[in-house]
Amino acid sequence: MSRAGIPYAEVIGDPIAQSKSPAIHNFWLERLGIEAEYRAVRVTADGLADYLAERRNDPAWRGCNVTMPLKLAVMPLLDSLDEAARTIGAVNTIYPGLGRLLAGTNTDAAGFLEPLAAELGDSHYFRMARIIGAGGAARAIVSALGSRGFTLVVAARDPAKARALLDELAAGSDHHAASLSHFANPTDFAFDAREGCCDLVINASPLGMHGSPPLRFDFSHAPPGSIVYDIVTDPVETEFLIGARAAGFRTVDGLSMLIGQAAAAFELFFGVAPPRECDAELRAALMQ
C-alpha cells in the first residue's frame with residue numbers, strides 16, 4: 001500500500017527491476033511538486049488477478065503501467081478497454097474509473113510515433129517498415145504503422161506468428177512475414193532510389209536487452225536513408241543502434257518511446273500533463 005495514504009501508481013511485470021518508469025514518473029512528480037509516488041512491483045501472470053483485486057480497493061492507487069509478459073494476460077481481468085487497447089489487442093496502462101472500475105488503454109503506439117512526427121507529417125510515395133519481433137510492443141507498432149500507409153515486413157522466430165499478427169492488425173495484402181534469420185545474413189539486394197520514401201527498421205523485440213540474446217541484423221537490409229529505431233531501454237545504447245550509426249543511419253533510441261508513452265499514462269494517473277520542457281534533463285538522468 002502507499003506511504004500514509006499518499007497517491008501512487010506503479011509499473012508491473014516480470015522481471016521488473018530494470019524498468020526506468022519509476023525514474024521517469026518520479027522525476028515529473030518532483031518537478032511539478034505533486035505529493036505522490038511511482039514504483040515498480042514484480043507481478044507474475046499467476047499473481048495478476050490478486051494484484052488487481054487488492055489495488056482496486058485501495059483509494060490511494062492511481063493505476064499502473066503494464067509490461068512484459070502481462071500486456072495480453074491482463075485484458076480479460078479489466079472492466080473496460082478503450083479503442084486503442086481493443087485495436088492493438090494489448091494493454092499497457094490501467095487506471096481506476098468511476099466506482100473503481102478498472103479501465104485499460106494502450107499508450108505504446110502514441111509513444112512510438114512521437115519521435116517520428118516530423119517524418120509522418122510529410123507525404124511519401126512509398127513507406128516501408130522492417131519490424132523485428134511479434135510480441136506485445138510489436139502489436140502496437142504494427143497497428144500504428146499499418147494505419148499510416150506503411151508496407152510492413154515483420155520478422156520473428158516463428159514466421160507464422162508474424163503472419164498472424166499482420167493478418168490481424170494490418171489491412172491489405174502487401175505485408176510480409178519473415179524469420180529472424182532473414183535479416184541476420186547479408187543481402188546483395190540493390191535498393192532503388194529512395195528519394196521521397198520513408199523507410200524504418202525497428203527492433204520491437206527484447207533482443208539486445210541485458211540478459212537477452214543479441215539482435216543479429218545485417219544493415220545491408222536497410223535501404224539508404226532509413227531511420228533505425230530500437231525500443232530496448234536497458235541498455236539505451238544498444239549494439240543495434242551503434243551498428244546503425246556506424247553504417248550512416250539516423251537512429252531513435254528506446255527512451256523516446258518510453259518517455260512518450262509514459263507522458264500519456266502520467267496524465268491519466270495524476271490528472272496533469274508532465275513537464276515535457278524538461279525532457280533533455282530527464283534523458284540525461286536516465287542515461288546515468
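Source: prediction; values computed, not measured.

Caption draft 1: Geometry of the pairing of strand β11 (residues 227-230). On β11, burial covers both faces: I227 and Y229 on one face and V228 and D230 on the other are all buried. In this structure, strand β10 (residues 197-203) lies alongside β11, joined through four bridges in parallel fashion. Bridge pairing in β11 links I202 to Y229. The parallel pair β11 and strand β12 (residues 250-252), bridged by helix α9 (residues 239-246), forms a crossover whose chirality is right-handed.

Caption draft 2: Fine view of unusual backbone geometry. With an omega of 5°, the peptide bond running from D14 to P15 counts as cis. Residue position: P15 is located in the loop between β1 (8-13) and α1 (21-32). Following M68, the chain continues into P69 via a peptide bond in cis, with omega recorded as 0°. The phi dihedral of R100 is positive, around 60°, even though this residue is not glycine. Its location among the elements puts R100 in the loop between β5 (93-96) and β6 (102-105). On the basis of relative accessibility, which here comes to 24%, the residue R100 falls in the partly exposed class.

Caption draft 3: Region of interest: α9. F240, L241 and A244 are the residues of α9 that are buried. Along the axis of α9, the buried positions cluster into a sector of 95°, meaning they face one direction only. Relative to its buried face, α9 has exposed residues pointing more than 90 degrees away, namely E239 and A246. In this structure, the buried side of α9 is in contact with β10, β11 and β12. Positioned one or two residues after α9, G248 has a phi angle of 95°, which is positive.

Conventions we followed
- Residues numbered from 1 in each chain as written.
- Predicted model: local features only at pLDDT ≥ 70, side-chain atom pairs only at ≥ 80, totals over all residues.
- Heavy atoms only, no water.
- Buried < 20%, exposed > 50% of the residue type's maximum accessible area, 1.4 Å probe, protein only.
- Helix = DSSP H or I, 4+ residues; strand = E, 2+ residues; numbered from the N terminus.
- Pairing = 2+ DSSP bridges.
- Right-handed = clockwise from strand over helix to strand, strands pointing away.
- Arc of directions from axis to C-beta.
- Contact = heavy atoms within 4.5 Å.

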